[in-house]
Amino acid sequence: MSDHINELFDRDGNLIGALLSAEAWTVVKKQVLDSLGIVDKHAQPEKPEPVADWETLKEYWDFEYPVDTDVTCEHCGNTTQDWASDDPRRFRLTSANLAGLVSFKCMQCQSKIVKKHFKDELKTECTPYRDSKDTSKEGRYSR
Ligand SMILES: [Zn+2]
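A short tour of the structure in this document, coming up. (Residues numbered from 1 in each chain as written. Predicted model: local features only at pLDDT ≥ 70, side-chain atom pairs only at ≥ 80, totals over all residues. Heavy atoms only, no water.)

**As for the state of the cysteines**
Phase 1: According to the stated counting rule, one finds zero disulfides in the structure shown.
Phase 2: Left without a disulfide partner, Cys126 is nearest to the cysteine sulfur of Cys73, which lies 4.1 Å away. (Disulfide = S-S within 2.5 Å.)

This is the structure:
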C-alpha cells in the first residue's frame, strides 16, 4: 500500500491488523484514538503528588497545633477530613514545603487551595481555577 502502512493478514488471507510507520502513527494517532473513543492517559500526565515533601513537613512539624489533614474548597464546597485517605482523591496534593506551605487542587472544580501554616495559626486560601489565563496570554503574545 505504502511505506507507511503494512496491512497484516493471517495465513487464510484474513486481515488481522495494520502496522504503521512511526511517522504515520504520529500523524494519525489522535484521530485514531478519538474515533475509537480511546482516552490517551499519557497525553497530559498528572504530576505525582509530592507525598514525600508532606511527610518531611510532618516529621519536622514545629507549629503550635497538631498536623491538620482536613481540606475544604470554599469555591464548590468540596470537603474532606483527611485528604490522604480519600480514594479517589477529593483533593490532590500539589506541593508541600518545610516553610509550612501546602497546596492542593480541588478535584471537583480545579480550584487551588493553599494552607499556610504559621507558627500559631493556620490560614487557608482558595483560588478558583481560571481556564482563560493561558489563552488570553496566547492571544496577546501571538504573532
Ligand atoms: Zn472545589
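**Digging into the packing of aromatic side chains**
Phase 1: Applying the stated criterion across every chain, the model contains six aromatic pairs.
Phase 2: Taken together, a centroid distance of 6.4 Å and an interplanar angle of 80° make the contact between Trp54 and Trp61 edge-to-face.
Phase 3: Residue classification places Trp61 among the buried positions, given a relative accessible area of 16%.
Phase 4: Relative to Phe63, the ring of Trp61 has its centre 4.9 Å away and its plane inclined at 80°; by these criteria the two rings are edge-to-face. Taken individually, Trp61 and Phe63 each receive the classification buried, so the pair is uniform in this respect.
Phase 5: In textbook terms, an aromatic cluster arises when at least three aromatic residues are bridged by ring pairs, as seen for Trp54, Trp61, Phe63, Tyr65, Trp83 and Phe104. (Phe/Tyr/Trp six-rings, centres within 6.5 Å; stacked < 30°, edge-to-face > 60°. Buried < 20%, exposed > 50% of the residue type's maximum accessible area, 1.4 Å probe, protein only.)

**Details of the pattern of salt bridges**
Phase 1: Here the structure, examined in full by the defined rule, presents nine salt bridges.
Phase 2: Linking Glu49 and Arg89 is a salt bridge whose minimum nitrogen-to-oxygen distance equals 2.9 Å. With a gap of 40 residues between them, Glu49 in the loop between α1 (22-36) and α2 (51-59) and Arg89 in the loop between β4 (79-80) and β5 (91-96) connect regions that are remote in the sequence.
Phase 3: Since its relative accessible area comes to 18%, Glu49 is described here as buried.
Phase 4: Here Arg89 falls in the partly exposed class, since its relative accessible area comes to 25%.
Phase 5: A salt bridge links Lys119 to Asp62, with the nearest nitrogen and oxygen atoms 3.6 Å apart. Placement of the pair is Lys119 in the loop between β7 (112-117) and β8 (122-127) and Asp62 in the loop between α2 and β3 (71-72), with a sequence separation of 57 residues.
Phase 6: Judged by its relative accessible area of 48%, Asp62 is partly exposed. (Salt bridge = Lys/Arg side-chain N within 4 Å of Asp/Glu carboxyl O. Helix = DSSP H or I, 4+ residues; strand = E, 2+ residues; numbered from the N terminus.)

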